[in-house]
Amino acid sequence: MNVVVLGAGSIGVFVGGLLAAAGARVTFVGRPRVLDEITESGLRLTDLDGLAVTVPPDRFVTDTEPRDLETADLVLVTVKSAATADAVRPVAGLPRPGTPVLSLQNGIGNDAVIREILPTCAVLPGMVMFNVVHHPGGRFHRGTDGEIAVQDDPALTTTAALFERAGLGLRRYPDLLPVQWAKLLLNLNNPINALSGRPLREELADRDYRRCLALTQSEALAAMKRARIRPARLTPLPPSAMTTLLTVPDGIFRRVAGSVLAIDPMARSSMADDLALGRRTEIAWLCGEIVGLGEIVGMSTPVNRRLIELVAAAERGDRRTWTGPELLAELRAAAAR
């Protein structure tokens, strides 16, 4: 199969690299910084379960501009949400009618943006449920458990077989929207992790940071309830119960929810990586979705709004690192106003 990956970031390279190792002809489209690195060194794909796959440079193609879309059997869109339209617009009219296009992105509604530009393709929403860490020398490491969830469609028949060979089995849902909302709840930790300056495992092991996440999720769940949105259950407990569990003392949390901390010690959120590289974050597609939903249903969402403000300040160069007690006090004050 001929696979084109629009967005050679950590997720795009890890997924595309495993597809290349499974025999697909993969073209990565992205920034020269990453493309030059992987062209020189090839790919080393690893994970916390012991995966170790090497993909030499002659097994894939790199390009800063999208080409060969006319022969693509599958297109993966893995750019940040803010870049969706800009990444897809140059390929309008190029893929053959019916070509599967998977949006493997955070947030809600990226598939609608793609579908508007590629109306003849089988555009499907998807969610990558795991974290990938980019190490120097072309090494991309899956640091958390998780799968790839996609909206089910007949166009996936051949694609699913390729993913299976690559060790990336697709979990297909008749309706992905509840899964997207549930993943959004989990991703509300991204700004907290980015502001903490700590790896994910260290941050989530700290009760005060978890209390910050509980405040953020509780507000989001209240807005979803008013909008009659029922997020899927992606954790051992339902979302509302999981929010309560986040607030228990550290020792109890480790005993009851130890699987949540089964994370590579170096893994950080993608938002933390974006801030470190001086890039625009996806805060508008995470906390911003909750603020927007609150406006629709007539509900105030001050905690998520304050996180947007703090991340926006960090994007402008405020590199303050927030301790758990400091951030918790800040969010509690916002909720009380």
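Note: the structure precedes this text.
Residues numbered from 1 in each chain as written. Predicted model: local features only at pLDDT ≥ 70, side-chain atom pairs only at ≥ 80, totals over all residues. Heavy atoms only, no water.

Draft legend 1. Structural context of the layout of surface pockets. Estimated volume of the second largest pocket: approximately 170 Å³. Leu-221, Ala-222, Lys-225, Arg-230, Pro-231, Pro-238, Pro-239 and Ser-240 are the residues that line the second largest pocket. For the lining of the second largest pocket, the secondary structure elements donating two or more residues are helix 9 (207-226) and helix 10 (239-245). Counted by class, the lining of the second largest pocket contains 5 nonpolar, 1 polar and 2 charged residues. (1 Å grid on protein atoms, 1.4 Å probe; cavity = no way out; pocket = protein on both sides within 12 Å on 5 of 7 lines; lining within 4 Å. Points joined across faces, edges and corners; volume = space filled by probe spheres on them. Helix = DSSP H or I, 4+ residues; strand = E, 2+ residues; numbered from the N terminus. Nonpolar A, V, L, I, M, F, W, Y, C, P; charged D, E, K, R; others polar.)

Draft legend 2. Structural view of the sheet that holds strand 4 (residues 52-55). Within the open sheet, the 4 strands sit side by side as 4-3-10-9. Their pairing is mixed. Each edge of the open sheet carries a strand with a single partner, namely strand 4 and strand 9 (132-135). On average, each strand axis in the sheet is inclined to that of its neighbour by 20°, with strand direction left out of account. Relative to strand 10 (residues 139-142), strand 3 (residues 43-47) runs parallel, the two being bridged by 4 bridges. What sits directly across from Asp-47, in strand 10, is Arg-142. Relative to the sheet, helix 1 (residues 10-21) contacts strand 3, strand 4, strand 9 and strand 10, its axis offset from that of strand 3 by approximately 100°. (Pairing = 2+ DSSP bridges. Axes fitted to C-alpha atoms, helices over the stretch in contact; angles between N-to-C directions. Contact = heavy atoms within 4.5 Å.)

Draft legend 3. Inspection of the packing of aromatic side chains at higher detail. What the rule picks out here adds up to 2 aromatic pairs. Aromatic side chains Phe-14 and Phe-130 sit 5.8 Å apart centroid to centroid with 70° between the ring planes, which places their arrangement in the edge-to-face category. Remark: Phe-130 occurs in the loop between strand 8 (122-128) and strand 9 and Phe-14 occurs in helix 1; sequence separation between them is 116 residues. Per residue, the accessibility class of Phe-14 equals that of Phe-130, and both read buried. Arranged with centres 5.6 Å apart and planes meeting at 75°, the rings of Phe-28 and Phe-60 form a pair that is edge-to-face. Pair noted here: Phe-28 is in strand 2 (residues 25-29) and Phe-60 is in strand 5 (residues 60-63), with a separation of 32 residues, a long-range link. (Phe/Tyr/Trp six-rings, centres within 6.5 Å; stacked < 30°, edge-to-face > 60°. Buried < 20%, exposed > 50% of the residue type's maximum accessible area, 1.4 Å probe, protein only.)

Draft legend 4. Just the packing of helix 6 (residues 177-187) against helix 7 (residues 189-196), in detail. Following both chains from N to C, one finds helix 6 and helix 7 inclined at 20°, their axes separated by 5 Å at the closest point. Considered as vectors, helix 6 and helix 7 are oriented roughly parallel to each other. On the side of helix 6, the interface is formed by Leu-185, Leu-186 and Asn-187, while helix 7 contributes Asn-189, Asn-190 and Pro-191. (Parallel < 35°, antiparallel > 145°, perpendicular 65-115°, else oblique.)

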